[in-house]
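As a plain string of letters, each chain reads:
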Amino acid sequence: MAKPQTIDGIAAQRLPADQYAENFADAHPPLDGHEALVEADRCYFCYDAPCVTACPTSIDIPKFIRQISTGNLNGSAKTIFDQNILGGMCARVCPTETLCEQACVREAAEGKPVKIGLLQRHATDGAMRDNRQFYERAAPTGKKIAVVGGGPAGLACAHRLAMYGHDVVVLESQPKAGGLNEYGIAAYKTTDDFAQAEIDYVTAIGGIEIRHQQALGATVTLDGLCEDYDAVFLGIGLGGVNRLGLAGEDAPGIADATRYIAALRQADDLASLPVGRRVLVIGGGMTAIDIAAQTKLLGAEEVTIAYRRGREDMNASALEQQQAANKGVVIRHWVQPKTIKTDADGVSAVTLEYTENRDGRLVSTGDEITLQVDQLFRAIGQQLDDNLGDDEALASLTMEKGRIRINGTGQTSLSGVWAGGDCATGGDDLTVTAVAEGRDAAEAMHTALA
Amino acid sequence: MADLRNNFVGIKSPNPFWLASAPPTDKAYNVERAFKAGWGGVVWKTLGLDPHIVNVNGPRYGAIWGADRRLLGLNNIELITDRPLDINLREIKEVKRKWPDRALVTSLMVPCEEPCWQEILKQVEDTGSDGVELNFGCPHGMSERGMGAAVGQVPEYIEMVARWAKSHTRMPVIVKLTPNITDVRYPARAARQGGADAVSLINTISSIISVDLDSFSPEPSIDGKGSHGGYCGPAVKPIALNMVAEIARDAETAGLPISGIGGVTTWRDAAEFLALGAGNVQVCTAAMTYGFKIVEDMIEGLSNWMDQAGHADLDSVIGRAVPNVTDWQYLNLNYVAKARIDQDSCIKCGRCHIACEDTSHQAITNMVDGARHFEVIDAECVGCNLCVSVCPVENCITMEQVPAGETDTRTGETVSPDYGNWTMHPNNPMAAAE
């Protein structure tokens, strides 16, 4: 009998039943109390610390680390939450190796930065485990604000608005809030249903009502929201997925990486997820890395990422690439898909053409390689959902490069409407940036409503 | 190979590392383990008269830790030996017979009555012990009974008991001094006056190491109460070094042998004690922290350093730093130094800047031409060395002497090639009066 991993096509249960829990266990287990103290002692408490500058939410990192080292764990958590109410999730998913930890002077000194992400997790986990709430609502303002999208930007915005005494309604298109925290992040980065626990923690302040399965263009319109609410924040993310533009792209076995990851995150039983024997992922960002790593962990025998440019051009950090490689993912650089071959079962092979950078332009070298493929994932970027409705307000929003244009405080071109996170300009597709934008927009909205 | 053999007031040991009178030297079992590990000598834990004392039956120690729980300071409320006198005497005799090449000194503490000292000295002499150390230092438990530090704090008592000891034994007598006094030279002078062959110091410092913030009991807590204890370990070394130096350079005690005690943890610590005039060193906390094996590197490290530095034997090191210990008023005020930051090794943590900016002389930049950059502003730098002290990178910031003839941009004055101290300074009213 063939081993489950070598069965051709797309199949579930490729691994022994007990393997899934091990494969999807916490990728970066938390520090215990002593480890945290030892690590905290490594922080130099820099003046005008570079790590703070590197943090999109400007968390006072030296201060919260010092608070860990003095045993003031609640104070430490509050220092983090003051700037980033989703500090727990960011501690798990931030690419710290390209943000705070890259800026850490100990990275310059010895190539071993202080483990800021893990320390942040240590502080926030403690406070969240004890459900220690640090903020109270100000006196009610009587203002009602709609936050469209319950992802990182929307939640950060909602929390800050609630703090100021505004009443917030979060309109969430999915059955659960959390956005990419719930449906997008790799499972092993946020275990134990952390995204939902965090939403409970954030909304415990009060004044935040989450209405599920309420989507712009489906159940609500921006016109209507502008009429019914004193202000609107759009944190709708990027619901659409870029297509390859190749013949046969709709064949069975070909899917959007984001959709598969969402299904994986919601699966009660990972063994039930069908996965290909030979998986090909097209793309070079975090989504490509996440789908590749996770299909490998689900038991795919061969997983290949095809990226049309070089290693350093990938949006996924060097560390993320290395971690995927350690899981057995093969990353091919300088190749792009040319043709998709299908048979009765769906995709059967993909021909990749080699590329090179010629005078700043990406061109084919003329060489090709054909890979046998049972499952093909698109991970070449997302765009705004094109079904957001066609009301007047929406149409009047100024767009830029396919995203909603905002100024430095999150204000869109339309009075009374703010935006932030992936759907808006100015971000860099990071959870932590979305949090910063949601928070800053809330500050601007509060000022505008005063 | 450097010659590490030690001759301290006629007591010979293969190296200058002795274990101090303390728990590690309370019985034959421990002492023999220490000798097997290579320790040059021990001062047997203090003997008293029967009935023997009792210790608390709860915690005896409290600690202060640095990063990663490195023990920096230890506090104890243990008393002298709590074993019957005859058992200790028998074991001392046996151990000394088995280890003739090692130093075995017996520490003593009995009431301030001559017959008590006469009696116990005779008994110790019978063991073949190489010498005695009079424990005038213990700050807790015994001092309340008129012994230990209670004697060490009164020079007249020190002199009296030292004289009794010398008159009732042919053994060398070492007087162990307490640091819980205002000027250590007085007890040291009294010891010499009484005929003591040497002094050893420091004993532990009176201390409360910490308070439990839940029970509000000092630590170590015995049924909700704590009493002061004796502080020791790496944290006390600077205090001990100063006291050793004070005695070494005091005209009245010049040449009085000193056994250096207080936070000796490495060969380097030991070398510093020797340089400041100690004839050997005694170790306790380091052994209690890491076990007896640490003596291996103490011996090898000291030997290697002496070889490299060209010091053939201990006498070439002992006291070498004493002439360089002076009083503040004799420091050369015409010596001018400025901090220099090596930009290649600077990791830009900014600690030098904020320390100088907030608490000192505003002499280090944090930004130059819009970039994060830390550089000394000579016109503000007083050469205080705070930046060097707080910099996490070794040798990144150094103090550079401004050569004579150049201008100190802070004062605008030309640096003088001459020696000039406070006693000669025009601002000194005493100097003006002369």
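Caption draft 1: Representation of the overall build of chain A in the model. When you go through chain A residue by residue, the secondary structure sums to 18 helices and 19 strands. The C-alpha atoms of chain A give 23 Å as radius of gyration, which agrees with the globular expectation for 450 residues (22 Å, within 12%). Taken along the three principal axes of its C-alpha coordinates, chain A extends 65 × 55 × 50 Å. Within the span of chain A, comprising 450 residues, buried residues form 54% of the whole. In chain A, 40 side chains carry a positive charge and 61 a negative one; their mean positions are 4 Å apart.

Caption draft 2: Spatial organisation of the overall build of chain B. When you go through chain B residue by residue, the secondary structure sums to 13 helices and 22 strands. By the compact-globule yardstick of 22 Å for 434 residues, chain B fits well, its C-alpha radius of gyration being 25 Å. Projected onto its principal axes, the C-alpha positions of chain B cover 75 × 55 × 50 Å. In chain B, which comprises 434 residues, the share counted as buried stands at 50%. The long-range fraction of contacts in chain B, counting pairs at least 24 apart against all pairs at least 6 apart in sequence, stands at 70%. Summing over all exposed atoms, chain B offers an accessible surface of approximately 20000 Å²; the carbon and sulfur share of this is 51%.

Caption draft 3: Spatial organisation of a nonpolar patch on the surface. Residues and elements named next belong to chain B. A grouping of Ile208, Val211, Leu213 and Phe216 is seen on the molecular surface, where their side chains present a nonpolar patch of about 460 Å² in accessible area. Within the fold, Val211 resides in strand E12 (residues 210-212). The class for Val211 is partly exposed, based on a relative accessible area of 44%.

Caption draft 4: Focus on the packing of aromatic side chains. What the rule picks out here adds up to ten aromatic pairs over all chains. Plain terms: the ring middles of Trp117(B) and Phe136(B) are 6.4 Å apart, the flat faces sit at 80 degrees to each other, and that makes the pair edge-to-face. Of the two residues, Trp117(B) sits in helix H3 (residues 114-125) while Phe136(B) sits in the loop between strand E8 (131-135) and helix H4 (149-152), which places them 19 residues apart along the sequence. Phe136(B) carries the same exposure label as Trp117(B), and that label is buried. Clustering of aromatic rings is evident, with ring pairs tying together Phe81(A), Phe134(A), Tyr135(A) and Tyr201(A). Above the plane of the ring of Phe194(A) lies Arg92(A), whose end atom (NZ or CZ) is 3.6 Å from the centre. Its end group placed over the ring of Trp65(B), Arg69(B) keeps NZ or CZ at 4.1 Å from the ring centre.

Caption draft 5: Layout of the interface of chain B and chain A. Chain B puts 14 residues into the contact, and the matching count from chain A is twelve residues. Broken down residue by residue, the surface that chain B buries against chain A is led by Asp68(B), Ile347(B) and Arg372(B), which jointly contribute 43%. Sorting elements by how many residues they give to the side of chain B that touches chain A places helix H11 (residues 351-359) of chain B first, with three residues. Here the side of chain B that touches chain A is composed, by residue class, of six nonpolar, three polar and five charged.

Caption draft 6: Looking closely at the sheet that holds strand E13 (residues 346-358) of chain A. Residue and element names in this part refer to chain A. Taken together, three strands build an open sheet; the order of strands is E12-E13-E14 and the sheet is antiparallel. Two strands in the sheet have a free side with no partner beyond their single neighbour: strand E12 (335-343) and strand E14 (361-372). Taken over all neighbouring pairs, the strand axes of this sheet differ in orientation by 20 degrees on average, direction set aside. Where E13 lies against E14, nine bridges are found, and the strand directions are antiparallel. Along E14, the bridge assignment pairs Arg358 with Arg361.

Caption draft 7: Up close: the state of the cysteines. Under the definition given, this model contains zero disulfides over all chains. We note that Cys55(A) lacks a disulfide partner, and the nearest cysteine sulfur, in Cys94(A), lies 6.6 Å from it.

Caption draft 8: Region of the structure containing the packing of helix H4 (residues 61-69) of chain A against helix H9 (residues 116-129) of chain A. Residue and element names in this part refer to chain A. Their axes nearest at 10 Å, the elements H4 and H9 cross at an angle of 60 degrees. In terms of axis orientation, H4 runs oblique to H9. Between H4 and H9 lies a crossing of left-handed hand. Residues Ile61, Phe64, Ile65 and Ile68 of H4 pack against Ile116, Leu119, Gln120, His122 and Ala123 of H9. Its residues assigned to classes, the contact of H4 with H9 shows seven nonpolar, two polar and no charged.

Caption draft 9: Layout of the side chain of Asp391(A). Residue and element names in this part refer to chain A. Within the element layout of this structure, Asp391 appears in the loop between strand E16 (382-383) and helix H17 (392-396). Here Asp391 sits buried without a salt bridge, and the closest side chain of opposite charge, Arg211, lies 16 Å off (N-O distance). Looking at Asp391, its side chain comes within polar contact range of the main-chain nitrogen of Leu222, at 3.3 Å. Only 3.2 Å separates the side chain of Asp391 from the backbone nitrogen of Asp223, close enough to count as a polar contact. Once residues within four sequence positions are removed from consideration, Asp391 is found in contact with Thr221, Leu222 and Asp223.

Caption draft 10: Local environment of the packing of helix H5 (residues 73-83) of chain A against H9(A). All names here are of chain A. One way to put it is that H5 packs onto H9 with a least axis distance of 8 Å and a crossing angle of 105 degrees. With respect to H9, the element H5 is oriented roughly perpendicular. Contacts between H5 and H9 involve Leu73, Asn74, Ser76, Ala77, Ile80 and Phe81 from the first element and Gln120, His122, Ala123, Thr124, Ala127 and Met128 from the second.

Caption draft 11: Seen up close, the nonpolar core. Counting 80 residues, the largest nonpolar core has Trp39(B), Val175(B) and Leu201(B) as its most contacted members. When residues of this core are assigned to their parent elements, the largest contribution, seven residues, is made by helix H7 (residues 237-248) of chain B. Among all residues touching Trp39(B), those that are not within four sequence positions of it are Asn15(B), Phe17(B), Trp18(B), Leu19(B), Ala34(B), Arg102(B), Val283(B), Ala287(B), Phe292(B), Ile294(B), Val295(B) and Met298(B). One finds Cys90(A), Leu155(A), Leu430(A) and Val432(A) within the second-largest nonpolar core, a separate group that totals 45 residues.

Caption draft 12: View of the pattern of salt bridges. Residue and element names in this part refer to chain A. Taken as a whole, this structure holds 46 salt bridges over all chains when the rule is applied. A salt bridge links Glu400 to Arg405; the nearest nitrogen and oxygen atoms lie 3.5 Å apart. A relative accessible area of 44% means that Arg405 is categorised as partly exposed. If you follow the salt bridges from partner to partner, you end up with Asp8, Arg277, Arg278, Glu301 and Asp374 in one network.

Caption draft 13: Just the sheet that holds strand E6 (residues 71-76) of chain B, in detail. Residue and element names in this part refer to chain B. The four strands are arranged E5-E6-E14-E11 in an open sheet whose pairing can be described as antiparallel. Edge positions in the sheet fall to strand E5 (61-65) and strand E11 (205-207), since each has one partner strand and no second. The sheet shows a mean angle of 35 degrees between the axes of neighbouring strands, taken without regard to direction. Alignment of E6 against strand E14 (residues 229-232), held across three bridges, turns out to be antiparallel. What sits directly across from Asn75, in E14, is Tyr231.

The rules behind each value
Residues numbered from 1 in each chain as written. Chains lettered and ligands numbered in written order. Predicted model: local features only at pLDDT ≥ 70, side-chain atom pairs only at ≥ 80, totals over all residues. Heavy atoms only, no water. Helix = DSSP H or I, 4+ residues; strand = E, 2+ residues; numbered from the N terminus. Rg over C-alpha atoms; globule rule 2.2 N^0.38 Å. Buried < 20%, exposed > 50% of the residue type's maximum accessible area, 1.4 Å probe, protein only. Lys, Arg positive; Asp, Glu negative; His and termini not counted. Charge placed at Lys NZ, Arg CZ, Asp CG, Glu CD. Contact = heavy atoms within 4.5 Å. Areas by Shrake-Rupley, 256 points an atom, 1.4 Å probe, with all protein chains shown as cover. Patch = residues over 30% accessible without salt bridge, like charges linked within 9 Å, V, L, I, M, F, W, Y side chains within 5 Å. Salt bridge = Lys/Arg side-chain N within 4 Å of Asp/Glu carboxyl O. Phe/Tyr/Trp six-rings, centres within 6.5 Å; stacked < 30°, edge-to-face > 60°. Lys NZ or Arg CZ within 6 Å of the ring centre and 35° of its normal. Buried area = accessible area lost by both parts, 1.4 Å probe. Nonpolar A, V, L, I, M, F, W, Y, C, P; charged D, E, K, R; others polar. Pairing = 2+ DSSP bridges. Axes fitted to C-alpha atoms, helices over the stretch in contact; angles between N-to-C directions. Disulfide = S-S within 2.5 Å. Parallel < 35°, antiparallel > 145°, perpendicular 65-115°, else oblique. Left-handed = near helix turned anticlockwise from the far one by under 90°. Polar contact = N/O pair within 3.5 Å; in protein donor to acceptor, adjacent residues only side chain to side chain. Core = buried A, V, L, I, M, F, W, Y, C linked by side-chain atoms within 4.5 Å.

Geometry only, nothing functional implied.
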